[in-house]
Amino acid sequence: MSGTQARKNGTPYGDELKARREQAGLTQAELAALAFMTHTHIAHIEAGRRIPSLSDARRLDQVLQTGGVFVRFLPDAKRRKVAKHFEAARELESQASMIREFGLTLIPGLLQTEAYMRAVFRAYFPVKSKEKLDEAVTARLERAHILEDPLTPHMTVLLDEAALRRPQGGPGVMGAQLRHVVDLGDRRRVRVHVIPFGVGCHALVESNLTLLWFEDMPPTAYVDGLHTGNLIDEEAVVLHCQTSYDLALGDALSHEKSLEMLREIAKGYEHEHRSTGMA
């Protein structure tokens, strides 16, 4: 990238985008429209509060005719450890002051034990080599370091009962995984709520969801699917996601009742593990 002078509140990447935009005679709103991005997203990238996704960077290069500069110099692009579609969400996750997660069929990544992670990654397609699997596990464990701070981010985890009943890695792995969630809940590091099967359908029954709040920028939402993910910063859509989360939370058990359920299910897995000698 060119030798743009760094600004106090930006980053070299954001400074470069601002310089190239101004050279092209575009406002943030005009660039956003041409690159099919939101004005807010452009402003956050220039201020150093976000990084663009790979597809965003490609569109910026195309609109500003930079010859691939914004793709080549994406932060950590050469050291990518997470799926491409999750890169921007991972960056925001590390900056959030409050996180609300919903796990439909799996325990959310920030709460996973290493053994549980490995069981999940082994089930993915395409199959990972041992080296790639180790890299994926390490990256996810590194993400969980944000929970080492006793207060920030404030985190609420909403779990469908299906996430507790699907025995990833066998009863031994599941027993330890649920005990880990219980420990986080007992320490009040994470607030835990379970939506029991008896509720039937609920507002989040079709999708996982992560909601992120920040001290200095608007909230965002992240929804993932099969080999893809969507980071949402459009205000109206984020509000809809927040409302869906609140509705589902209203159907869930209290924190204490949820921990009781987790303990009981963990006991069942532990008994099965002792009885069968399964891993």
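In what follows, the structure referred to is the one given above.
A brief look at the structure comes next. (Residues numbered from 1 in each chain as written. Predicted model: local features only at pLDDT ≥ 70, side-chain atom pairs only at ≥ 80, totals over all residues. Heavy atoms only, no water.)

## Notes on the pattern of salt bridges
Moving on, step 1. Here the structure, examined in full by the defined rule, presents 15 salt bridges.
Moving on, step 2. The partner of R118 in a salt bridge is D134, with the nearest N and O atoms 2.9 Å apart. You can see R118 sitting in helix α7 (residues 114-123) and its partner D134 sitting in helix α8 (residues 130-143), a full 16 residues away along the chain.
Moving on, step 3. As a salt-bridge pair, R165 and E161 come within 2.9 Å of each other at their nearest N and O atoms. Residue R165 and its partner E161 are both found in helix α9 (residues 161-165); the two are separated by four residues, about one turn of the helix.
Moving on, step 4. A residue is classified by how much of its surface remains accessible, and E161, at 7% relative accessible area, is buried. (Salt bridge = Lys/Arg side-chain N within 4 Å of Asp/Glu carboxyl O. Helix = DSSP H or I, 4+ residues; strand = E, 2+ residues; numbered from the N terminus. Buried < 20%, exposed > 50% of the residue type's maximum accessible area, 1.4 Å probe, protein only.)

## Focus on helix α3 (residues 39-47)
Moving on, step 1. Along α3, the residues classified as buried are H41, I42, H44, I45 and E46.
Moving on, step 2. Among the structural elements, α1 (12-23), α2 (28-34) and α4 (54-64) are those in contact with the buried residues of α3.
Moving on, step 3. Among the residues trailing α3, G48 stands out with phi positive, at a value near 85 degrees. (Contact = heavy atoms within 4.5 Å.)

## What to know about the environment of E142
Moving on, step 1. Examined against the element boundaries, E142 turns out to sit in helix α8.
Moving on, step 2. Taking the relative accessible area as the measure of exposure, E142 reaches 39% and is therefore partly exposed.
Moving on, step 3. E142 sits 32 residues away from L110 along the chain, and the two C-alpha atoms are 9.1 Å apart.

## So, the sheet that holds strand β1 (residues 98-103)
Moving on, step 1. Strand order in the open sheet made by the six strands is β3-β2-β1-β4-β5-β6, with mixed pairing throughout. Each having just a single partner strand, β3 (190-195) and β6 (228-232) make up the two edges of the open sheet. Averaged over neighbouring strand pairs, the angle between their axes works out to 15 degrees when direction is ignored.
Moving on, step 2. Alignment of β1 against strand β4 (residues 209-213), held across five bridges, turns out to be antiparallel. From the neighbouring strand, R100 faces β4, where its bridge partner is L211.
Moving on, step 3. On the sheet, helix α11 (residues 235-250) packs against β1, β2 (154-160), β3, β4, β5 (220-225) and β6 and is oriented at approximately 115 degrees with respect to β4. (Pairing = 2+ DSSP bridges. Axes fitted to C-alpha atoms, helices over the stretch in contact; angles between N-to-C directions.)

## Comments concerning the packing of aromatic side chains
By convention here, two paired aromatic rings are described through the distance between centres and the angle between planes.
Moving on, step 1. Throughout the structure, instances matching the rule amount to three aromatic pairs.
Moving on, step 2. Seen in terms of ring centroids, F86 and Y222 are 5.4 Å apart; in terms of plane orientation they differ by 70 degrees. Their pairing is edge-to-face. Of this pair, F86 sits in the loop between α5 (69-72) and α6 (87-95) while Y222 is found in strand β5, placing the two residues 136 residues apart along the sequence.
Moving on, step 3. Judged by relative accessible area, which is 17%, F86 ranks as buried.
Moving on, step 4. Judged by its relative accessible area of 4%, Y222 falls in the buried class.
Moving on, step 5. Relative to Y124, the ring of F121 lies with its centre 5.6 Å away and its plane at 85 degrees, an arrangement referred to as edge-to-face. (Phe/Tyr/Trp six-rings, centres within 6.5 Å; stacked < 30°, edge-to-face > 60°.)

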